[in-house]
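Each chain is listed here by its residues.
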Amino acid sequence: MNARPLLTSAQLLELDPNDIFIPARIGFLHEDKAAALGRLMAVDGQRDPIKVTRVFPSKSIEKCKAEGNRPWRLVTGMHRLTGALMEGITVFAIEVKGKPEDLADLEASENLHRRPLGPIERAKFTAALVTAAQERIARAHGDLDQYQRGAKARWDRVKHFEETAEAALRDETEDACAKIAQAYSWEESVGEALGMSRRTIHNDLALYRLVIEPFPDLVEQLAKHPVVGENGAQLKALTQLKDERVRRKVIEALIADPEIGVEDAKIAAGVGGPVPLAAPVAHQKHYDAITGAWSRLSLEQKRQFVPKLVSMLTPEMKRVLRDRLNEELGE
């Protein structure tokens, strides 16, 4: 997408947040983040304007408000807008104009690179960006319906075990990379620099197709799960459960218990068994003491201990840890 036409002759506006309608969003609303942004904006001022578009371009702002309508629709900046509402302050915005698909595309691409995203939210933005590129090319060639039918048929085959998820993902990743390059003139090197490598797209699409899309009623709770929600390796383990019904049971077990991971959730859901215990070794009691104590720490306590843990490692052990983390995070 070329964003320049959307910002042509753009002016900075100071708006009442109550005059801005928030449509269904791609991402999740994190109220603590919105509150923090609102407090910063109230104290230090707003440094980054949100983006809005007119709900009724043919009507004046005054007429819209007189009719009881909100004259503006949010495009990007949900957390900043919500923070302003919490603080009771005005919000600075830029008006953008364009087709609905271009504005949706703007939301996806801007949020993808604005801030670090959790794996689930990132997968949603990546899928939105991929879909926008595919649909743009499809519209240009008059075959949008064919594209939509093809995508649905591919994942219907996976659902009925007529095609493996890995084969479907391989095909979709190849198609997505080609469409993104065609729609946005992205070269592979640019994609790598933006964190949109072929492997990243593959992993994000796997998470989207196998966890997010099938379970819209569960995914927001899963994203906030203390153990699994931001753990790429744990979420990848979910995508490797082939049966959709099994995946649902395991996700439901995770939501029911915020302190367990995927393997324990499989046991709780009745779809996995405990790993056989290895023969006792001399250092086993020390190993058990470390793992047991670690499991009793809160998430914040674990984060505070990480620097100490790193300082205890030898250079060789740090290299081993780095390689293992890169492997699990897919980097």
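Here the structure is a predicted model, which means the values were calculated and not measured.

## Things to note about the environment of Phe 21
- Tracing the backbone through its elements, the reader meets Phe 21 in strand β2 (residues 20-21).
- Considering only alpha carbons, one finds Phe 21 and Arg 73, 52 residues apart in sequence, at a separation of 4.7 Å.
- In this structure, Phe 21 is in contact with Arg 70, Trp 72, Arg 73 and Leu 74, ignoring residues within four places of it in sequence.

## Re the packing of aromatic side chains
- Here the structure, examined in full by the defined rule, presents 0 aromatic pairs.
- Just above the ring of Trp 72 sits the side chain of Arg 54; from NZ or CZ to the centre is 5.7 Å.
- Geometry around Phe 56 places Lys 59 over its ring, the cationic atom sitting 5.0 Å from the centre.

## Looking at the pattern of salt bridges
- In this structure the tally under the stated criterion is 17 salt bridges.
- In this structure, Arg 39 and Glu 87 form a salt bridge, with 2.7 Å as the shortest nitrogen-oxygen distance. Of this pair, Arg 39 sits in helix α2 (residues 31-44) while Glu 87 is found in helix α4 (residues 78-87), placing the two residues 48 residues apart along the sequence.
- Arg 39 sits in the partly exposed class, given a relative accessible area of 43%.
- A residue is classified by how much of its surface remains accessible, and Glu 87, at 28% relative accessible area, is partly exposed.
- Taken together, the shared-partner salt bridges connect Glu 172, Arg 209 and Glu 213 into one network.

## Here we look at the packing of helix α10 (residues 198-212) against helix α12 (residues 232-239)
- One can describe the packing of α10 onto α12 by two numbers: an axis separation of 9 Å at closest approach and a directional angle of 60 degrees. In terms of orientation, α10 and α12 fall into the oblique class. Between α10 and α12 the crossing geometry is left-handed. Taking contact as the criterion, the partners of Ala 206, Leu 207, Leu 210 and Val 211 in α10 are, on α12, Leu 235, Leu 238 and Thr 239.
- The residue inventory of the contact of α10 with α12, partitioned by class, reads 6 nonpolar, 1 polar and no charged.

## Section: the pairing of strand β4 (residues 72-76)
- Most of β4 sits inside the fold, with 4 of its 5 residues counted as buried.
- Inspection of the sheet shows β2 paired to β4 by 2 bridges, in the parallel sense. Paired with Ile 20 across the strands is Trp 72, a residue of β4.
- When strand β3 (residues 50-54) meets β4, the two strands line up antiparallel, connected through 4 bridges. In the sheet register, Thr 53 faces β4, and the bridge partner there is Arg 73.

## Examining the sheet that holds strand β1 (residues 12-15)
- The 5 strands lie next to each other as β1-β5-β3-β4-β2, forming an open sheet whose pairing is mixed. Two strands bound the open sheet, and with one partner strand each, they are β1 and β2.
- With 4 bridges joining them, β1 and strand β5 (residues 91-95) adopt antiparallel strand pairing. Across the sheet, residue Leu 15 finds its bridge partner in β5, namely Val 91.

Procedures and definitions
Residues numbered from 1 in each chain as written. Predicted model: local features only at pLDDT ≥ 70, side-chain atom pairs only at ≥ 80, totals over all residues. Heavy atoms only, no water. Helix = DSSP H or I, 4+ residues; strand = E, 2+ residues; numbered from the N terminus. Contact = heavy atoms within 4.5 Å. Phe/Tyr/Trp six-rings, centres within 6.5 Å; stacked < 30°, edge-to-face > 60°. Lys NZ or Arg CZ within 6 Å of the ring centre and 35° of its normal. Salt bridge = Lys/Arg side-chain N within 4 Å of Asp/Glu carboxyl O. Buried < 20%, exposed > 50% of the residue type's maximum accessible area, 1.4 Å probe, protein only. Axes fitted to C-alpha atoms, helices over the stretch in contact; angles between N-to-C directions. Parallel < 35°, antiparallel > 145°, perpendicular 65-115°, else oblique. Left-handed = near helix turned anticlockwise from the far one by under 90°. Nonpolar A, V, L, I, M, F, W, Y, C, P; charged D, E, K, R; others polar. Pairing = 2+ DSSP bridges.

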